[in-house]
Structures are given as structure tokens and as C-alpha cells.
Amino acid sequence: MQIIYEREIKNNIKKLDDLWNNDSTFIFLPDHSGINNKWLKKSIEKIPNKYCKDHFALLTSGSTGQPKIVIGNKERSEKLAFLLHEVQFSDPVKATILALPLSYCYAFVNQWLWARVHERSLMFTEGLKYPDRLKEVLLNADNAMLCLIGAQVPLMERYYSNNDFPGVIRVHFAGGKFPQRQIEIVEKIFPNAKIFNNYGCAEAMPRLTLRKLEESDDFSNIGKPLPGIEMKTGSKGEILFRSPFRAIGFIDKEGSRFLSDDEWIPSGDFGEEVSDGYWKLKGRSNEVFKRYGEKISLPQLLDTVNKQWNGQAVFYNVKDKNGEDAHVLVLSPQPAKEDIRRLLQMFRKKHTRPHWPLRIEGVSQMPLLSNGKIDNLKIKLITDKIIFWEQIG
């Protein structure tokens with residue numbers, strides 16, 4: 001089974017095409033995955049022989065930061081790429097601009113595989129790592145599609161507040177919270193773009209639902225399931241799904257698991273169906289918990305923070321001195337005293353005390369995973385965070 005790294009295909013995309021055309025299963029990894037070669041070798045050995053042909057595997061870390069190899073079926077994923085073309089109204093799109101790591105499941109299927117099966121152009125960039133280079137590509141875009149995560153919007157505002165890119169006609173968000181409260185920024189930078197909120201997970205390979213921007217002004221509204229996909233809530237409110245496009249199985253530190261067509265698969269999120277078939281996201285499995293009998297939803301608290309804070313913000317989970325589940329708020333860049341005062345006033349106004357963070361901390365720069373998401377594990381381990389406020393008692 002061949003392993004290929006992203007750096008190997010940046011200057012020669014044909015290598016990836018050749019692997020897809022070949023019957024043998026391959027594993028496509030980011031350049032800096034941080035995974036142990038011994039663990040990788042053992043994981044490959046766990047893949048049954050019947051999946052060593054006509055499949056591919058990607059690495060994900062989900063919300064935990066722990067590595068997981070997810071195995072997909074080539075034919076299933078091609079069918080999803082055709083479906084996405086229809087539901088995302090992609091026929092006018094001539095090219096897709098890569099601003100995320102291609103080894104990220106969202107970019108791999110929604111961009112590379114979509115471009116392959118529909119014979120469109122794929123334009124490589126290294127995203128906001130080199131904002132001037134990305135700017136040049138965006139300025140020259142002609143009927144292009146761009147896939148982003150919400151965390152990139154503040155950076156785009158920083159770099160491109162005086163620019164607009166009319167050649168981008170589709171902007172897709174996935175892989176985290178939809179930037180509903182920053183949507184005016186997105187519309188200013190991409191004045192001709194239709195904007196979509198995409199939801200899914202690597203186990204879905206990777207898409208479950210889709211919402212056009214104009215269908216709701218609620219960031220937690222993730223739209224309706226794609227045709228052929230079923231969703232329901234479990235006994236604890238977790239989102240479960242069945243999909244004809246889903247992954248075949250996955251391998252993580254707990255071992256290997258291979259899925260059957262009739263089983264309901266957890267997405268890793270809590271949510272509920274609301275009205276007219278739309279679904280509302282409540283948070284990741286580690287983002288919704290009870291504290292002193294009250295249900296805490298970190299995404300809802302983050303919405304409170306974002307009303308008063310224009311930088312990046314993230315919560316991480318801790319235990320308080322009584323052993324109760326709790327949470328700490330981290331801000332970047334370093335906040336001013338007035339920022340902290342406004343946040344505390346908002347918490348006191350909107351939430352009872354169990355919802356307040358144990359501490360408010362600051363870092364100059366958020367550590368990121370290879371896919372551009374904030375690395376929650378590293379945030380928790382940073383030792384030189386500045387504490388701006390802490391609960392007493």
C-alpha cells in the first residue's frame with residue numbers, strides 16, 4: 001500500500017491522478033502529520049485485504065487532536081463529487097482555488113476530486129500562509145470556487161480589507177463554525193459569490209448537509225441532509241447518520257472499526273432537526289456537558305464572545321477544584337483590559353454563573369493543526385498563557 005505526502009504532489013498533481021487510476025489503495029498524508037511511523041505501519045496492517053484495492057485513506061484529527069486514519073471508497077466518493085456539483089450549483093464554476101491542505105478530507109473531495117470528475121482546473125496555493133500569493137490568484141480568478149474554514153475570515157479581513165475578488169463565484173465553509181456574524185466581511189471580499197454552509201465529518205467522507213447563506217441567519221443551522229443521506233438524534237442528543245457515500249471504516253488509537261451499510265454512525269456532534277427538514281448544530285461531543293446541573297454549550301458561549309471580541313477565541317475543557325467539568329476561554333491576540341470588562345459584562349447579562357469560564361487567558365497566536373483549525377490540545381498545554389481573569393471561590 002503506497003503512502004504519499006502532500007509535498008510530493010504540489011508540483012506534480014499527476015501523481016495523485018495516477019494513484020486514483022490505479023486499483024491499489026493508497027494513503028494520502030499531510031506533510032507534517034506528527035504521527036508515529038510505527039503506529040502508521042501497524043494501522044496499515046489492520047486494513048483487511050478486501051479494502052486494499054479501489055480505496056484510499058486520509059488522516060484526520062477531528063476535534064480531539066488524536067490521529068485517525070479514515071478509509072474511503074473511490075467509487076462512492078466520485079458519486080458524492082457528482083452530487084455536490086448539483087446541489088452546490090457548480091456548473092458555472094471553471095476552477096477551484098485551493099487555500100486549505102489538499103490532504104484535508106473537505107478539500108480532497110470538494111475540490112480535487114470534484115475538479116477531476118468534472119474536468120475543471122485546480123489552482124494550488126498555500127493559503128493564508130502566503131497571503132500575497134493567494135491574493136494574486138484571487139485577483140486573477142475567473143468563475144472560481146473557494147473552500148474555507150470560518151477561522152480564516154479574521155485573517156482575510158486583516159490582509160484583504162481593501163480588496164475584493166469578483167472572479168470568485170462560490171465560497172464554501174466547513175470544518176468548524178460557520179462565520180455568520182462575519183458574513184458581511186465575506187460578502188465584501190467576494191461580492192459575486194454564492195455562499196454555502198457545509199456540514200459533515202471525515203467518517204461521512206465528508207459531507208452530510210448543505211445550507212445556502214440566505215436560508216437562515218443562524219450560524220448553527222447546517223441545512224438539510226443531502227439526497228440519499230439519513231440523519232437522526234441518539235438517546236443523548238448526538239447526531240447519527242447513514243450515507244451511501246460514507247467511509248468504509250477507520251483506525252485510531254482504540255483500534256480498527258469497519259462499518260456496515262445499515263448501522264447509524266455518530267458524527268461526533270450534538271444537534272437536532274428543527275423545522276422543514278433543517279438541522280441545528282449544538283456542538284461537538286466534548287463541547288456540550290453538564291456543570292452543576294446546568295447544560296453548557298460551548299458553541300453558544302462562543303457566540304456570546306464573538307459579539308464582543310473580533311479576534312480568535314476558543315474554549316478548552318478542564319476540571320474545577322471540586323472535580324466538576326468546566327471550561328477556560330482563550331483569546332488571541334492578547335486582549336486589553338477593556339475587552340475583558342466587556343466580555344464579563346456580557347457573560348453576567350446573558351448567562352448564569354455555571355456558564356462562565358473558570359479563566360480567561362490570552363496568547364499572542366493560536367497554534368493550528370495542518371488543516372488550519374485551532375489545535376485544542378496544544379492550546380491546553382501552552383504554559384506561558386497570560387491569565388486576564390479568574391473565578392474566585
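Residues numbered from 1 in each chain as written. Predicted model: local features only at pLDDT ≥ 70, side-chain atom pairs only at ≥ 80, totals over all residues. Heavy atoms only, no water.

1. Points about the pattern of salt bridges
No. 1: Evaluation of the coordinates by the stated rule reveals 26 salt bridges.
No. 2: With a shortest N-O distance of 3.3 Å, Lys-94 and Asp-142 are connected by a salt bridge. Note that Lys-94 is positioned in the loop between helix 4 (74-87) and strand 5 (95-98) and Asp-142 in the loop between helix 6 (131-139) and strand 7 (144-148), a separation of 48 residues in sequence.
No. 3: The class for Asp-142 is partly exposed, based on a relative accessible area of 45%.
No. 4: A salt bridge links Glu-126 to Lys-129, with the nearest nitrogen and oxygen atoms 3.9 Å apart.
No. 5: Of the residues examined, Lys-129 reaches a relative accessible area of 57% and is grouped as exposed. (Salt bridge = Lys/Arg side-chain N within 4 Å of Asp/Glu carboxyl O. Helix = DSSP H or I, 4+ residues; strand = E, 2+ residues; numbered from the N terminus. Buried < 20%, exposed > 50% of the residue type's maximum accessible area, 1.4 Å probe, protein only.)

2. Describing the domain arrangement of the chain
Interface extent is often summarised as the accessible area lost during association of the parts.
No. 1: For the chain, the assigned domains are domain 1 (2-284) and domain 2 (292-390).
No. 2: Between the C-alpha centres of domain 1 and domain 2 there is a distance of 27 Å. (Domains from an automatic or database assignment.)

3. Observations regarding the sheet that holds strand 10 (residues 207-212)
No. 1: Strand order across the open sheet formed by eleven strands is 6-5-7-8-9-10-11-17-16-13-12, with mixed pairing between neighbours. At either margin of the open sheet sits one strand with a lone partner, and together these are strand 6 (121-124) and strand 12 (230-233). Between one strand and the next, the sheet's axes are offset by a mean angle of 40°, whatever the strand orientation.
No. 2: Note that strand 7 and strand 8 (residues 168-173) share five bridges and pair parallel. The residue bridging Leu-146 from the neighbouring strand is Val-171, located in strand 8. (Pairing = 2+ DSSP bridges. Axes fitted to C-alpha atoms, helices over the stretch in contact; angles between N-to-C directions.)

4. Brief notes about the environment of Ala-247
No. 1: Among the secondary structure elements, Ala-247 is positioned in the loop between strand 13 (238-242) and strand 14 (249-252).
No. 2: Take Ala-247: its relative accessible area is 1%, and that puts it in the buried class.
No. 3: C-alpha separation for the pair Ala-247 and Pro-206, spaced 41 residues apart in sequence, amounts to 8.3 Å.
No. 4: Sequence-distant contacts of Ala-247, defined by excluding residues within four places in its chain, comprise Val-70, Ile-71, Ala-202, Glu-203, Ala-204, Met-205 and Leu-259. (Contact = heavy atoms within 4.5 Å.)

5. Looking at the packing of aromatic side chains
No. 1: Per the counting criterion, the structure on display carries 14 aromatic pairs.
No. 2: With a centroid separation of 5.1 Å and an interplanar angle of 45°, the aromatic rings of Trp-20 and Phe-56 are classed as tilted. Taken together, the residues Trp-20 in helix 2 (residues 14-21) and Phe-56 in strand 3 (residues 55-60) connect sequence positions 36 residues apart.
No. 3: Grouped by ring-pair contacts, the aromatic residues Trp-20, Phe-26, Phe-28, Phe-56, Phe-108 and Trp-112 constitute a single cluster. (Phe/Tyr/Trp six-rings, centres within 6.5 Å; stacked < 30°, edge-to-face > 60°.)

6. Things to note about the nonpolar core
No. 1: Leu-16, Phe-26, Phe-28 and Phe-108 are the most contacted members of the largest nonpolar core, which totals 49 residues.
No. 2: Mapped onto this core, the elements with two or more residues apiece are helix 2, strand 2 (26-29), strand 3, helix 4, helix 5 (105-118), strand 9 (194-200), strand 10 and strand 13.
No. 3: Element by element, the count of residues in this core is highest for helix 5, at eight residues.
No. 4: Sequence-distant contacts of Leu-16, defined by excluding residues within four places in its chain, comprise Ile-9, Phe-26, Phe-28, Leu-102, Phe-108 and Trp-112.
No. 5: Core analysis: the next-biggest nonpolar cluster, separate from the first, contains 26 residues, Met-156, Tyr-160, Ile-189 and Phe-190 among them. (Core = buried A, V, L, I, M, F, W, Y, C linked by side-chain atoms within 4.5 Å.)

7. Things to note about the pairing of strand 4 (residues 68-73)
No. 1: Counting buried residues along strand 4, six of its six residues qualify, which places the element largely inside the surrounding structure.
No. 2: The side-chain alternation of strand 4 yields two buried faces, one formed by Lys-68, Val-70 and Gly-72 and the other by Ile-69, Ile-71 and Asn-73.

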